[in-house]
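Here's the letter readout for the chains.
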Amino acid sequence: MPPPSDAASVRSRIEVVPTGAALGAELRGVDLRDIDDRDFAVIHRAWINHLVLLFRDQTLDDDALLGFSRRFGALDQAPIQENGRRFVDGYPEIYVVSNVIENGVAIGSLGAGEAVWHTDMSYLEDPPKASMLYALEVPPTGGNTGFSSMYRAYETLPQSLRQRITGLRVKHDGTYNSGGYVRQGITPTDDPVAAPGTFHPLVCTHPDSGRRGLYLGRRRNAYIEGLPLAESEALLDEIWTYATRDELTWYNTWRVGDLVLWDNRCTMHRRDPFDPGARRIMHRTQVKGETRPRA
Ligand code: OGA
Ligand code: MN
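Residues numbered from 1 in each chain as written. Chains lettered and ligands numbered in written order. Predicted model: local features only at pLDDT ≥ 70, side-chain atom pairs only at ≥ 80, totals over all residues. Heavy atoms only, no water.

Student: Which residues make up the overall build of the protein, and what are the values?
Tutor: Within the protein one finds 6 helices and 19 strands. Here the C-alpha radius of gyration of the protein, 19 Å, is about what a compact globule of 295 residues would show, namely 19 Å. With respect to the three principal axes, the spread of C-alpha positions in the protein is 70 × 50 × 35 Å. By residue count, 52% of the 295 residues in the protein fall in the buried class. Relative to all contacts within the protein whose residues are 6 or more apart in sequence, the contacts with residues 24 or more apart total 78%. When the accessible surface of the protein is totalled, it reaches about 12900 Å², and 51% of it is carbon and sulfur. For the protein, the distance from the average position of its 34 positive side-chain charges to the average position of its 39 negative side-chain charges is 3 Å. (Helix = DSSP H or I, 4+ residues; strand = E, 2+ residues; numbered from the N terminus. Rg over C-alpha atoms; globule rule 2.2 N^0.38 Å. Buried < 20%, exposed > 50% of the residue type's maximum accessible area, 1.4 Å probe, protein only. Contact = heavy atoms within 4.5 Å. Areas by Shrake-Rupley, 256 points an atom, 1.4 Å probe, with all protein chains shown as cover. Lys, Arg positive; Asp, Glu negative; His and termini not counted. Charge placed at Lys NZ, Arg CZ, Asp CG, Glu CD.)

Student: Can you explain the coordination of the manganese ion (ligand 2)? Please cite residues and give values.
Tutor: Distances from the manganese ion (ligand 2) to its protein donors, namely His118 (NE2), Asp120 (OD) and His269 (NE2), fall within the range 2.1 Å. Residue classification places Asp120 among the buried positions, given a relative accessible area of 3%. Judged by its relative accessible area of 5%, His269 falls in the buried class. (Donors = N, O, S within 2.8 Å, 3.2 Å for Na, K, Ca; no water.)

Student: Mind laying out the sheet that holds strand E9 (residues 130-137), listing which residues take part and the relevant values?
Tutor: One open sheet accounts for 8 strands, arranged E1-E2-E3-E17-E9-E19-E4-E7; its pairing is mixed. The sheet terminates laterally at strand E1 (15-18) and strand E7 (109-110), the two strands that pair on one side only. Here strand E3 (residues 52-55) pairs with strand E17 (residues 259-263) via 4 bridges, running antiparallel. The residue of E17 that forms the bridge with Val52 is Trp262. Contacts from helix H2 (residues 37-50) reach E1, strand E2 (25-28), E3, E9 and E17, with the element oriented near 130 degrees to E3. Along the sheet face, helix H3 (residues 62-70) touches E3, E9, E17 and strand E19 (281-287) and points at about 30 degrees away from the line of E19. (Pairing = 2+ DSSP bridges. Axes fitted to C-alpha atoms, helices over the stretch in contact; angles between N-to-C directions.)

Student: Please provide a residue-by-residue account of the site of ligand 1, values included.
Tutor: With respect to spatial proximity, the complete set of residues near ligand 1 consists of Val97, Leu110, His118, Asp120, Leu133, Thr145, Trp262, His269, Arg271, Arg280 and Arg284. Here an oxygen atom of ligand 1 sits 3.1 Å away from a polar atom, N or O, in the side chain of His118. Asp120 is positioned such that a nitrogen or oxygen atom in its side chain is 3.0 Å from an oxygen atom of ligand 1. Calculation on ligand 1 without its partners gives an accessible area of 290 Å², and the protein chains cover 99% of this total. (Near = heavy atom within 4 Å. Polar contact = N/O pair within 3.5 Å; in protein donor to acceptor, adjacent residues only side chain to side chain.)

Student: Break down unusual backbone geometry for me, with residues and values.
Tutor: Non-glycine residue Leu51 carries a positive phi angle of around 75 degrees. Along the polypeptide, Leu51 turns up in the loop between H2 and E3. The class for Leu51 is buried, based on a relative accessible area of 3%. A positive phi angle is found at Met121, which is not glycine, with a value near 55 degrees.

Student: Explain the pairing of E17 to me, using residue names and the numbers behind them.
Tutor: A regular strand places its side chains so that they alternate between the two faces of the sheet. Among the 5 residues in E17, 5 count as buried, and that is most of the element. Here E17 shows no split at all, with Leu259, Leu261 and Asp263 on one side and Val260 and Trp262 on the other all buried.

Student: Summarise the sheet that holds strand E16 (residues 249-252); cite the residues concerned and give the values.
Tutor: In spatial order, the strands read E8-E18-E10-E16; together these 4 strands make up an open sheet with antiparallel pairing. At either margin of the open sheet sits one strand with a lone partner, and together these are strand E8 (115-118) and E16. Averaged over all pairs of adjacent strands, the angle between their axes in this sheet comes to 15 degrees, without regard to strand direction. As paired strands, strand E10 (residues 145-149) and E16 are joined by 4 bridges and run antiparallel to one another.

Take it as geometry only, folks, not as evidence of what the structure does.
Structure below.
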């Protein structure tokens, strides 16, 4: 049998470097245009273990981004952007996150402001299991993206609070996106009881890892089923105080060519604002969830 080619052995030599924070690892020695099944198995395992993966120095066109994304399963269509546009021409699965205006039209979503802590599209009954962002242009400063471990959040809740939330369901708001923009076709409301959305268990069990974590979605218009609004607000505020502590988080300071992949079932993320005069362009894909969030 011929010895394995250098290319093959180099390709399989993926290094997993944990961030040292509550979640996240950088994977080195990977060209995402060219991974075999063994590489993918390493990547998948690292993703389940570390929740968020960073791959630096990638050179992906949209086809390559889709090719890597599809390794994880079928993709969702990109959500409609605030301005009514849907996607990159010919690429209905690619969502553009950008503040850039071309010919008076925003080419993407979320502007240049803060994106508050959230889980992607959890206002749906079947939220995506994974999302990934690929950086095409980044501002010189700002616009960092933070991730937070909802396993760790759950595990470090005071025992009494953990007991109080067992069995509860929370409504994930479908009115606003994380940039505070009203979703396409929705009449804005700030009444958490009346707002459109989907109830999911507040504590979910991850289908692959078997670990339990908080499943919060986003704070705005969240509502705990069956509670008087004031009680729901107070309990949510208390939970959110714990769920957004710095020690649960890791931030990526973006470089062009970074691809960040996260597990949308056990993390939340947010983005720092940046100079609206600078340019930031990210292409995002999201992988369909195979199972509904469940307790
Ligand atoms: C997203 C998102 C934040 C960012 O694409 O889902 O929240 O850093 N993006 O652009
Ligand atoms: Mn998001």
